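Analysis of the macromolecular model
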Amino acid sequence: MPLTKASKIWANGKMIDWDDAKIHVLAHVVNYGSSIFEGIRCYHTSKGPAVFRLGEHVERLFDSSKIYRIEIPFSRAQVCDAILELVRVNKLDACYIRPIVLRGYGDIGVNPFPSPIDVFIACYPWGKYLGEEALEKGVDVCVSSWARMAPNTFPAMAKAGANYMNSQLIKMEALVNGYSEGIALTTEGNVSEGSGENIFLVRQGVVYTPPVGSSILPGITRASVIQLCREAEIPVIERVLPREMLYIADEVFFAGTAVEITPVRTIDRITIGVGKRGPITEKIQKMFFGAVTGNTLDSRNWLTLVGQPTVVSA
Ligand code: PMP
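Residues numbered from 1 in each chain as written. Predicted model: local features only at pLDDT ≥ 70, side-chain atom pairs only at ≥ 80, totals over all residues. Heavy atoms only, no water.

1. Some words on the packing of helix α2 (residues 54-67) against helix α3 (residues 76-89)
Helix packing geometry: the angle between the two helix axes and the distance between the axes. Stated formally: Every angle, taken between N-to-C directions, lies between 0 and 180 degrees, and every axis is a line fitted to C-alpha atoms, over only the stretch in contact when it is a helix. To qualify as a helix, a DSSP run of H or I must reach at least 4 residues; to qualify as a strand, a run of E must reach at least 2; elements of each kind are numbered from the N terminus. For classification purposes, angles smaller than 35 degrees are called roughly parallel, those larger than 145 roughly antiparallel, those between 65 and 115 roughly perpendicular, and all remaining angles oblique. Helix crossings get a hand from a simple test, with the near helix turned counterclockwise from the far one by less than a right angle marking a left-handed crossing and a clockwise turn marking a right-handed one. Working rule for contacts: check all heavy atoms of both residues, and any pair within 4.5 Å makes them a contact. Residues are grouped as follows: Ala, Val, Leu, Ile, Met, Phe, Trp, Tyr, Cys and Pro are nonpolar; Asp, Glu, Lys and Arg are charged; every other residue, Gly included, is polar.
Two elements in contact, α2 and α3, have axes whose closest approach is 10 Å; the angle formed by their N-to-C orientations is 125°. Regarding the angle of α2 to α3, the classification is oblique. At the point where α2 passes α3, the crossing takes the right-handed sense. Of the residues in α3, those in contact with L54, V58, E59, L61 and F62 of α2 are R76, V79, C80, I83 and L84. Looking at the contact of α2 with α3 residue by residue, the class counts come to 8 nonpolar, no polar and 2 charged.

2. Let's talk about the nonpolar core
Soluble, globular proteins show a tendency: their nonpolar side chains are buried together. Rules: To define a nonpolar core, start from buried Ala, Val, Leu, Ile, Met, Phe, Trp, Tyr and Cys residues and group those joined through side-chain atoms within 4.5 Å. Only protein chains enter the accessibility calculation, which uses a 1.4 Å probe; a residue whose area is less than 20% of its type maximum is buried, one above 50% is exposed, and one in between is partly exposed.
One finds V51, I83 and I97 to be the most contacted residues of the largest nonpolar core, which totals 41 residues. Elements supplying a minimum of two residues to this core: β1 (8-11), β4 (40-45), α2, α3, β6 (95-103) and β7 (117-124). Ranked by residues supplied to this core, first place goes to α3 with 7 residues. Leave out the neighbours within four places in its chain, and V51 touches I40, R41, C42, L84, I97, W302, L303, T304 and V306.

3. A few points about the domain arrangement of the chain
This is how it is decided: Domain start and stop positions are those given by an automatic or database domain assignment. Once two parts are brought into contact, the accessible area they lose, counted with a 1.4 Å probe and summed over both, makes up the buried area. Basic side-chain nitrogens of Lys or Arg form a salt bridge, by our definition, when they fall within 4 Å of a carboxyl oxygen of Asp or Glu. A 3.5 Å cut-off defines polar contacts: any pair of N or O atoms within that distance qualifies, except that in protein one atom must be a possible hydrogen donor and the other a possible acceptor, and neighbouring residues in sequence count only when both atoms are side-chain atoms.
Partitioning the chain into domains gives domain 1 (8-127) and domain 2 (134-277). Taken together, the 19 residues of domain 1 in the interface contact 20 residues of domain 2. Carbon and sulfur atoms make up 60% of the surface buried where domain 1 meets domain 2, a total of about 1500 Å² over both sides. If you sort the residues of domain 1 by the area they bury against domain 2, F37, R60 and Y68 come out on top, with a joint share of 36%. Across the domain 1-domain 2 interface, the total number found is 1 salt bridge. At the boundary of domain 1 with domain 2, the tally comes to 9 residue pairs in polar contact (both at pLDDT 80 or more). The set of elements that each furnish at least two residues to the side of domain 1 that touches domain 2 consists of β3 (35-37), β4 and α2. Top element by residues in the side of domain 1 that touches domain 2 is α2. It accounts for 5 residues. By residue class, the composition of the side of domain 1 that touches domain 2 is 9 nonpolar, 5 polar and 5 charged.

4. Quick look at the state of the cysteines
So the rule is basically this: For the purposes of this analysis, a disulfide is any pair of cysteine sulfur atoms at a distance within 2.5 Å.
Going through the model one piece at a time under the given rule, you end up with 0 disulfides. This cysteine, C42, is not joined by any disulfide, and C95 carries the nearest cysteine sulfur, 4.4 Å off. With a relative accessible area of 3%, C42 lands in the buried category. No disulfide involves C123; its sulfur sits 4.4 Å from the nearest other cysteine sulfur, which is in C95.

5. Thoughts on helix α8 (residues 279-292)
Under the convention used in this document: By definition here, a helix of n residues has an expected span of 1.5 Å times n minus one.
Across its 14 residues, α8 extends 20 Å between first and last C-alpha, which sits within 8% of the 20 Å expected from 1.5 Å per residue. Phi turns positive, to about 70°, at G294, one or two residues after α8.

6. A word on the site of the ligand
Using the following cut-off: Proximity is defined per residue: if any heavy atom of the residue lies within 4 Å of a molecule or strand, that residue is considered near it. Reported accessibility uses the Shrake-Rupley method at a 1.4 Å probe radius. Residues are deemed covered only where the shown protein chains occlude them. In the cavity and pocket records, a cavity denotes points on a 1 Å grid over the protein atoms alone where a 1.4 Å probe fits but cannot get out, a pocket denotes an open set with protein on both sides within 12 Å along at least 5 of 7 lines, and lining residues are residues with an atom within 4 Å of a point. Think of it this way: if more than half of a molecule's atoms are within 2 Å of a pocket's grid points, that molecule is in the pocket or cavity.
Around the ligand, the surrounding shell holds 16 residues, and the nearest of these are Y164, E193, I220, T221 and T257. A distance of 2.8 Å is found between a nitrogen atom of the ligand and a side-chain nitrogen or oxygen belonging to K159. Here a nitrogen atom of the ligand sits 2.6 Å away from a polar atom, N or O, in the side chain of E193. For the ligand, whose free accessible area comes to 380 Å², the fraction covered by protein is 96%. In this structure, the ligand is accommodated by the largest pocket. When residues of the shell around the ligand are traced back to their parent elements, those giving at least two are α2 and α6 (220-231).

7. Quick word on the layout of surface pockets
Empty pockets left among the atoms are what a rolling probe the size of a water molecule brings to light. This is how the line gets drawn: Grid points are joined across faces, edges and corners, and a volume is the space filled by probe spheres set on the points.
Of the voids in this model, the largest pocket is the one considered here, and its volume is about 960 Å³. Residue lining of the largest pocket: 38 residues in total, with F37, Y96, R98, K159 and Y164 positioned closest to the centre. Looking at the lining of the largest pocket, the elements that each hand over two or more residues are α1 (28-32), β3, β6, α5 (163-176), β10 (191-194), α6 and β14 (251-256). Looking at the lining of the largest pocket, its residues break down into 17 nonpolar, 14 polar and 7 charged.

Shown next as structure tokens:
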């Protein structure tokens, strides 16, 4: 999906023009992948734009940084304020928000400590990740021949740029073989997650998802789905899942900021359930979209109003 420019990007505390948000080719991050980032959605609601689970995303940004010994030179509150200000300044009503913390230009050795820490936040209009139709009909996916990183290689709980080299291998393999996404297993062969989203399956009325120990990113959408299941009194279990549980599931769906809640209709050309969105997936999807669009009362405090008008731009 081609990127649609916004007007401003927040760079180390200042608003700069979109086209000026550049870094040097010898910045540490360019050579060694030393960045951590977030992906957040701002939804159009009747009360104006609202950011979904802002506090949780910013908390994960700080968690990722801590794992990589990166000190963000701003507080959590400053980052939250910067995000809201940026959406206001760009006058966007619905958008994707991308905070990035990176090791910048200054020293070129592998040792990251001498390189400066730069913080950028971008936002831009963005539609449905796997297509509008996917939300209803479901997607055709495969199990990847690439495993997710083993626990003692890269920390999966950190949302680090370098992890996405693994994601790219999973995604490319899926695409060139005619699938829209790949599901990665752990190095032990159990279910982990998609290239950029968590996975859930439903069998005999119970919802299952792999635990954090299965080399997953602890998704904020995943946490939301677990909460919604509990509210709806649908049993939900975090458990190590063998690959074959995918094939014999009644329903499978992805959960993530980009894919939102997207049903899976086939895996490795095996039809999942009846080959279309199942009733539990539909129920969770409905609850989720009710929550993010503010159409249901935000009793969970998941939305932070940006405070600005209302023309839909994404
Ligand atoms: N796993 C991976 C590898 C991801 O990139 C993402 C997207 N951030 C997720 C899971 C889902 O996380 P979230 O729901 O917080 O977007």
